[in-house]
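Read off the chains here:
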Amino acid sequence: ETLSSLMADRSVARGWIKTSLLALAVAFISLAAARPQTGSKLMTKERKGREIVLVVDVSNSMLAEDVEPSRMERTRYAITNLVGTMKEDGVGIVAFADESMVLLPVTSDYKMAMSKVKQLSPSLIAAQGTDLGEAIETAMLSFSSNTHSSKSRVMILITDGEDHDENALSAAKKAQQMGITICCIGIGTPEGKPLKVDDKFIEDEDGKMVLTKLNEQLLQQIAQTTEGIYTRSRNDDFGLEGIVERLNEIETTELTVMFAEYDEEYQWFLGIGLLLLISEVLLLSRRNPLLRGVKLFEREEHKEK
């Protein structure tokens, strides 16, 4: 009552209306920022590129620290940089230890590839060991069928090469017959490093520390069989520069990229939000002085003479 007598133009209702308009405006603009979409149309796009499958060793030996900060962390970092430079090529990811698994079939979704790279860890596969032969054969199944007659398919094999199976070279020969080029990156050192898991050194049955060594000879043979190249990762150079140069020499082919296209609906929410915001700004928090004398809902009281 005191405010009403001191401020004749004060309006409580207008304050609530302005607050409501502002809240609704923020809500609609937030919905627009979420980018709502409707409908879904499957679209295809043709482009020239290569299909590249990253075949990554995730066995416990990749936890060795002869490459700083560790073989596994260095591998994740290097692959992330490689995928970040891709524009037209398709990329897939296969993780392997004693068994193999396809983390990502060949795709042009580089964001998805980046997220899969972060998952690379020895915890992915329970069966430990290093079966290069199975890894190569699994990777061969990851390529799309429309590139089977081209020479644009490449595997980048990243491992310490500590394979105890003889199937690796026979698998490499199958890949060569399918026109697949295998480029190998050996990570580690031929001298080896004691294997440590969860900050504990692993010991064999005789109580001696297990050494994990880089098997360069096997990786060189795999690369030569498929006309690829072999490089060794070091602390100052992961070895990708030579691989990228070899990739640039490999012919490209027509790749069919499929993607979903949606209808954007954010503009409706943005428009409503802006209108509400403008209304809130234009609406005065006090009554219009010109309409002060208008009293539509009050009855005039007649005083007795």
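See the structure printed just above.
Computed from a prediction, not measured in an experiment: that's the story for all the values here.

## Notes on the pairing of strand S6 (residues 180-187)
In terms of burial, S6 is largely enclosed, as eight of its eight residues are buried. Residues Ile180, Ile182, Cys184 and Gly186 line one face of S6 and the alternating positions Thr181, Cys183, Ile185 and Ile187 line the opposite face, and both faces are buried. Alignment of strand S5 (residues 153-159) against S6, held across seven bridges, turns out to be parallel. In the strand pairing of S6, Thr159 is matched with Gly186. Pairing analysis gives four bridges linking S6 to strand S11 (residues 230-233), with the strands arranged parallel. Within S11, the position partnered with Ile187 by the bridge is Ser233.

## Some points on the nonpolar core
Grouped together as the largest cluster of nonpolar side chains are 34 residues, with contacts concentrated most on Leu54, Ile79, Leu120 and Ile156. Sorting elements by how many residues they give to this core places helix H3 (residues 71-84) first, with five residues. Once residues lying within four places of it in the same chain are set aside, the contact partners of Leu54 are Ile79, Leu82, Val83, Val91, Gly92, Ile93, Val94 and Ile156. Of all hydrophobic cores here, the second largest spans 25 residues; its members include Val53, Val94, Ala172 and Ile182.

## Some thoughts on the sheet that holds strand S4 (residues 100-107)
By way of backbone hydrogen bonds, the strands of a sheet pair with one another, either parallel or antiparallel. Spatially, the six strands line up as an open sheet ordered S4-S3-S2-S5-S6-S11, and their pairing is mixed. What marks the edges here is a single partner per strand, and that holds for S4 and S11. Each adjacent strand pair in this sheet contributes to an overall mean axis angle of 15°, direction not counted. Across the sheet, helix H7 (residues 216-225) lies against S5, S6 and S11, angled at about 160° from S6, the strand it touches most.

## Section: a nonpolar patch on the surface
Judged by side-chain polarity, Leu22, Val26, Tyr266, Leu270, Leu274 and Leu277 come together as a nonpolar surface patch covering roughly 460 Å² of accessible area. Of all elements in the fold, only helix H2 (12-33) and helix H9 (266-282) reach the threshold of two or more residues within the nonpolar patch. Here the element with the most residues in the nonpolar patch is H9; it accounts for four residues. If you trace the backbone, Leu22 turns up in helix H2. By relative accessible area, Leu22 is classed as partly exposed at 38%.

## Examining H3
An α-helical turn contains 3.6 residues, so a residue and the one three or four places further along point in the same direction. Taking 1.5 Å per residue, 14 residues should reach 20 Å; H3 reaches 20 Å between its end C-alpha atoms and fits that length. Here H3 has its buried residues at Arg71, Met72, Arg74, Thr75, Ala78, Ile79, Leu82 and Val83. All buried residues of H3 lie within an arc of 160° about the axis, which places them on one face of the element. Of the residues in H3, the exposed ones pointing more than 90 degrees away from the buried face are Tyr77 and Gly84.

## Brief notes about the pattern of salt bridges
Per the counting criterion, the structure on display carries six salt bridges. Its salt-bridge partner being Lys174, residue Glu137 comes within 3.3 Å of it at the nearest N-O pair. With Glu137 in helix H5 (residues 132-140) and Lys174 in helix H6 (residues 167-177), this pair connects stretches of sequence that are 37 residues apart. On the accessibility criterion, Glu137 (32% relative accessible area) is partly exposed. By relative accessible area, Lys174 is classed as partly exposed at 42%. We note a salt bridge from Glu249 to Arg246, for which the minimum N-O separation is 3.5 Å. Note that Glu249 and Arg246 are positioned in helix H8 (residues 240-249) at a spacing of three residues, about one turn of the helix. Judged by its relative accessible area of 60%, Glu249 is exposed.

What counts and what doesn't
- Residues numbered from 1 in each chain as written.
- Predicted model: local features only at pLDDT ≥ 70, side-chain atom pairs only at ≥ 80, totals over all residues.
- Heavy atoms only, no water.
- Buried < 20%, exposed > 50% of the residue type's maximum accessible area, 1.4 Å probe, protein only.
- Helix = DSSP H or I, 4+ residues; strand = E, 2+ residues; numbered from the N terminus.
- Pairing = 2+ DSSP bridges.
- Core = buried A, V, L, I, M, F, W, Y, C linked by side-chain atoms within 4.5 Å.
- Contact = heavy atoms within 4.5 Å.
- Axes fitted to C-alpha atoms, helices over the stretch in contact; angles between N-to-C directions.
- Patch = residues over 30% accessible without salt bridge, like charges linked within 9 Å, V, L, I, M, F, W, Y side chains within 5 Å.
- Areas by Shrake-Rupley, 256 points an atom, 1.4 Å probe, with all protein chains shown as cover.
- Salt bridge = Lys/Arg side-chain N within 4 Å of Asp/Glu carboxyl O.
- Expected span 1.5 Å × (residues − 1).
- Arc of directions from axis to C-beta.

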